[in-house]
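An overview of the molecular structure
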Amino acid sequence: MLKSIIVAVSVNDVIGYENKLPWHLPADLKYFKNLTMGHHVIMGRKTYESIGKILPGRVFVIVTRDKTYSVPGATVVHSIEDAFKYCSDNNESEAFIIGGADIINQSERFADKLYLTRIHENFVGDVYLQFDMALWKEESKQDFTSDEKNKYPYSFLVYHKK
């Protein structure tokens, strides 16, 4: 099973502010949907709560230390390793780690692939993410300018673990 991280990050490494995305970028939301549809998505409790619902067409796997936490329609596990085992046991071909920063940081050493949307703008944030890019080799990059729907220029980058 392929373990992939998918995340949007600003130039100054912000991924969140007050438990939300600090930007609205419809192209990135569509990219996320297209990649994750039909797959297991792994996230922490706070990320699930910021989304607020189970997204259709995906299997939600929520990682939390709270042994009493439950979400109807989702699987709750208590470690990133348990999340990977659950996905593998359920014949997943590519599991997506979608956040937050703590889950992504725990997953980076296990991950095979990184889908990174780089938003070419600085944002105020309270959650930052920095990858050890020495571990990753760029496979592809697509650059986009801002337009009437997407206020900020951005790039879709795909990396494989070296």
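Our structure is the block above this text.
Description of the structure in this document.

Calculation criteria
- Residues numbered from 1 in each chain as written.
- Predicted model: local features only at pLDDT ≥ 70, side-chain atom pairs only at ≥ 80, totals over all residues.
- Heavy atoms only, no water.
- Buried < 20%, exposed > 50% of the residue type's maximum accessible area, 1.4 Å probe, protein only.
- Helix = DSSP H or I, 4+ residues; strand = E, 2+ residues; numbered from the N terminus.
- Pairing = 2+ DSSP bridges.
- Phe/Tyr/Trp six-rings, centres within 6.5 Å; stacked < 30°, edge-to-face > 60°.
- Arc of directions from axis to C-beta.
- Contact = heavy atoms within 4.5 Å.

A word on the pairing of strand E1 (residues 2-10)
Looking along a regular strand, one sees side chains alternate from face to face of the sheet. Most of E1 sits out of view: seven of its nine residues are buried. Pairing analysis gives four bridges linking E1 to strand E6 (residues 94-99), with the strands arranged parallel. Note that in E6 the partner of serine 4 across the bridge is phenylalanine 96. In this sheet, strand E7 (residues 113-119) lies alongside E1 in parallel orientation, the contact comprising seven bridges. The residue bridging serine 4 from the neighbouring strand is lysine 113, located in E7.

Some points on unusual backbone geometry
Trans is the common state for peptide bonds, and a negative phi is the common state for residues other than glycine. At the junction of glycine 99 and glycine 100, the peptide bond is cis and its omega measures out at -5° in the coordinates. Mapping glycine 100 onto the fold places it in the loop between E6 and helix H4 (101-107). The residue asparagine 91 is not glycine, and still its phi comes out positive at about 60°. For asparagine 91, the location among the structural elements is in the loop between helix H3 (80-89) and E6.

As for the packing of aromatic side chains
What the rule picks out here adds up to nine aromatic pairs. Between phenylalanine 96 and tyrosine 115, the ring centres sit 5.7 Å apart and the planes meet at 40°, which makes this aromatic pair tilted. Placement of the pair is phenylalanine 96 in strand E6 and tyrosine 115 in strand E7, with a sequence separation of 19 residues. You'll find phenylalanine 96 and tyrosine 115 in the same group, each marked buried. For the pair tyrosine 154 and phenylalanine 156, a centre-to-centre distance of 5.3 Å together with 55° between the ring planes defines the contact as tilted.

Some words on H3
The complete set of buried residues in H3 reads Ile80, Ala83, Phe84 and Cys87. Burial along H3 is one-sided: seen end-on, the buried residues are contained in an arc of 95°. Where H3 is buried, its residues contact E1, strand E3 (40-44), strand E4 (59-63), strand E5 (75-77), E6 and H4.

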